[in-house]
Amino acid sequence: MGMATESKFHVLAVDDSLIDRKLIERLLKISSYQVTTVESGSKALKFLGLQEDGENSSNLPSISLQNHQDMEVNLIITDYCMPGMTGYDLLKKVKESSSLRNIPVVIMSSENVPSRINRCLEEGAEEFFLKPVQLSDVNRLRPHMVKAKNKDQNQQMKEEAEEEEEEAVTEKLELHSQQQPNNNKRKAVEEELPSDRTRTRYSGLTVI
Amino acid sequence: MLGFGVERLRADMNRLLALLFHQGVLDEQFLQLQQLQDETSPNFVSEVVNIYFHESEKLLRNLRGLLLDREFSDYKKMGIHINQFMGSSSSIGAKRIRNICVAFRAASEQNNRAGCLRALELLEHEYCYLKNKFHELFQMEQQRLLAAGARYPVQN
C-alpha cells in the first residue's frame, strides 16, 4: 500500500512560480512534512482525485485514484494569483467537494489586499500568508492538520459506534417482534435509524 | 596557512554581503534563504539563485521584446511579466530589483511607454550588478570549500 511507517503529515503546495515552489518545499521539508508541489490548480485537483468540474474521478483509470488513496493530503497551501484557476477557485472547489472539504486550505499572496484576504477566509481558508512565506508562517500549519485528523478520527469512531448501536437495536427488535409481532413499531424505529452525522443519536436510542 | 585562507574568505564574503545589505540591494529575505540551507540541502541558495537568473533573463528578454516593438500596446501582458519578476525577486530578497518592478508596474498601468523603457533599463542595470555580485559570492564560497577541504583532506 506504500504507507510510510512514520506517518508524517502530507502537504500539497500549489504555485505557478518555480522559485516559490522550491522555497515552500524547503520550508515544509525542514518542518518535517512530506511535500508534493504542483504548478497549477488543475494539476492539484488531478492529484487530489477530482476532475476540474468537481466530479469524483471514479471512472478514471485506477492510477489517479491510487494517488488519492496512497497519498492522503493533510493540507493544501496555494498561491492566490495563478493563471487559469486561481487559488481562490481551487479553495472553492475543495470546499464544495464532499470528499475533500475537510482538508484545511491555506492561501499565499504577494499582495496585501484586505478584501481578498476576507474573501478567502470566508470561503473557508484557514490562514492567509503574505509572501515571501517565512518559517514562522509554516509553524502555524500543524494545529490545522492535527485538528482535521482528530475530526476525521472522531467521525470514524462515531460511525463505527453508530453501526454497533444499530446492530444492537436491530437484534433487540427482532427478539421483541418474535414475542410480539408488531411491525409498525419496527418501521417507526427504522425510520430514525438512517445515519445522520450531525445529529447526536445516542440520546434518541436510549429513549427506546 | 590554509586555515587563515578559509577565515579570510569567510570574512570577505560577509563583508560583501554586508555591503549589499547596506546598499539595499538585498534584504533579510536573502538571510532566510541562507537559513534554509543545511547539510541535507547544502546547495539550496545557489540552486534557487540560479533558477532566479534563468527566469529573470527570460523575463527581461520578453519585456525588452515587447517594448521595442513599435506596435506595442499589450500592457496587460507586460504587467504579467513584471509581476512574475517582482514575485521572484521578492522571494530571494532582491530588494532593489523588486522596487524597480513596482515603479515599472505603475508606469505600465498608466500605459506610459517612456516610463516603462526607463524602468526596464534600470532593471537590466540592477540585474547585471546583482548577478555579478552573486558570482563573486559563489566563487568565494567555492574557494572556501576547497581551502577547507585541503585542510581536512578526505580519507580514502
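Brief notes about a negative patch on the surface
Inference 1: On the surface, Glu160, Glu163, Glu164, Glu165, Glu167 and Glu171 of chain A cluster together into a patch of negative charge.
Inference 2: Mapped onto the fold, glutamate 160 of chain A is located in helix H7 (residues 142-179).

Concerning the packing of aromatic side chains
Inference 1: Counted by the stated rule, this structure contains seven aromatic pairs over all chains.
Inference 2: Their ring planes at 10° and their centres at 6.0 Å tell us that phenylalanine 134 of chain B and phenylalanine 138 of chain B sit as a pair that is stacked. On the criterion of helical spacing, the pair formed by phenylalanine 134 of chain B and phenylalanine 138 of chain B is a turn pair, its members being four residues apart in helix H6 (residues 113-151).
Inference 3: Here a set of aromatic residues connected by ring pairs shows up, and it is made of Phe30, Tyr52, Phe53, Phe85, Tyr127, Phe134 and Phe138 of chain B.
Inference 4: Just above the ring of phenylalanine 44 of chain B sits the side chain of arginine 26 of chain A; from NZ or CZ to the centre is 5.9 Å.
Inference 5: The ring of phenylalanine 53 of chain B has lysine 131 of chain B lying over it, and the distance from NZ or CZ to the ring centre is 5.4 Å.

So, the confidence of the model for chain A
Inference 1: Considering every residue of chain A, the mean pLDDT works out to 82; 73% of them sit at 70 or more.
Inference 2: Note on residues 59-69 of chain A: pLDDT under 50 across the span, and eight contacts to partners over four residues away in sequence or across chains.

A closer look at the sheet that holds strand S2 (residues 34-38) of chain A
Residues and elements named next belong to chain A.
Inference 1: Strand order across the open sheet formed by five strands is S2-S1-S3-S4-S5, with parallel pairing between neighbours. For this open sheet the edge positions go to S2 and strand S5 (127-130), each flanked by a neighbour on one side alone. Ignoring strand direction, the axes of neighbouring strands in this sheet form an average angle of 20°.
Inference 2: In this structure, strand S1 (residues 10-14) lies alongside strand S3 (residues 75-79), joined through four bridges in parallel fashion.

Concerning the environment of alanine 147 of chain B
Inference 1: Of note, alanine 147 of chain B is situated in helix H6.
Inference 2: What makes alanine 147 of chain B buried here is its relative accessible area of 13%.

Overview of the interface of chain A and chain B
Inference 1: Tallying the contact residues gives twelve residues for chain A and 18 residues for chain B.
Inference 2: Both faces considered, chain A and chain B share a buried interface measuring about 1400 Å² in area, 61% of it formed by carbon and sulfur atoms.
Inference 3: Between the two partners, chain A and chain B, sit two salt bridges.
Inference 4: Note that glutamate 111 of chain A is salt-bridged to arginine 105 of chain B, the shortest N-O span being 3.1 Å.

Notes on unusual backbone geometry
Inference 1: Cis geometry marks the peptide bond from lysine 131 of chain A to proline 132 of chain A; its omega dihedral reads -5°.
Inference 2: Look at serine 32 of chain A: it is not a glycine, yet its phi comes out positive at around 70°.
Inference 3: By secondary structure assignment, the location of serine 32 of chain A is in the loop between helix H1 (18-30) and S2.
Inference 4: Judged by relative accessible area, serine 32 of chain A falls into the partly exposed class, the value being 39%.
Inference 5: A positive phi is found at asparagine 111 of chain B, a non-glycine position, where the angle reads about 55°.
Inference 6: Its location among the elements puts asparagine 111 of chain B in the loop between helix H5 (95-109) and H6.
Inference 7: When its relative accessible area of 49% is taken as the criterion, asparagine 111 of chain B is described as partly exposed.

Regarding the environment of glutamine 35 of chain B
All names here are of chain B.
Inference 1: Of note, glutamine 35 is situated in helix H2 (residues 28-35).
Inference 2: Here glutamine 35 falls in the exposed class, since its relative accessible area comes to 59%.
Inference 3: Along the chain, glutamine 35 and phenylalanine 21 lie 14 residues apart, while their C-alpha atoms are 16 Å from each other.

Rules used in this analysis
Residues numbered from 1 in each chain as written. Chains lettered and ligands numbered in written order. Predicted model: local features only at pLDDT ≥ 70, side-chain atom pairs only at ≥ 80, totals over all residues. Heavy atoms only, no water. Patch = residues over 30% accessible without salt bridge, like charges linked within 9 Å, V, L, I, M, F, W, Y side chains within 5 Å. Areas by Shrake-Rupley, 256 points an atom, 1.4 Å probe, with all protein chains shown as cover. Salt bridge = Lys/Arg side-chain N within 4 Å of Asp/Glu carboxyl O. Lys, Arg positive; Asp, Glu negative; His and termini not counted. Charge placed at Lys NZ, Arg CZ, Asp CG, Glu CD. Helix = DSSP H or I, 4+ residues; strand = E, 2+ residues; numbered from the N terminus. Phe/Tyr/Trp six-rings, centres within 6.5 Å; stacked < 30°, edge-to-face > 60°. Lys NZ or Arg CZ within 6 Å of the ring centre and 35° of its normal. pLDDT = per-residue confidence, 0-100. Contact = heavy atoms within 4.5 Å. Pairing = 2+ DSSP bridges. Axes fitted to C-alpha atoms, helices over the stretch in contact; angles between N-to-C directions. Buried < 20%, exposed > 50% of the residue type's maximum accessible area, 1.4 Å probe, protein only. Buried area = accessible area lost by both parts, 1.4 Å probe.

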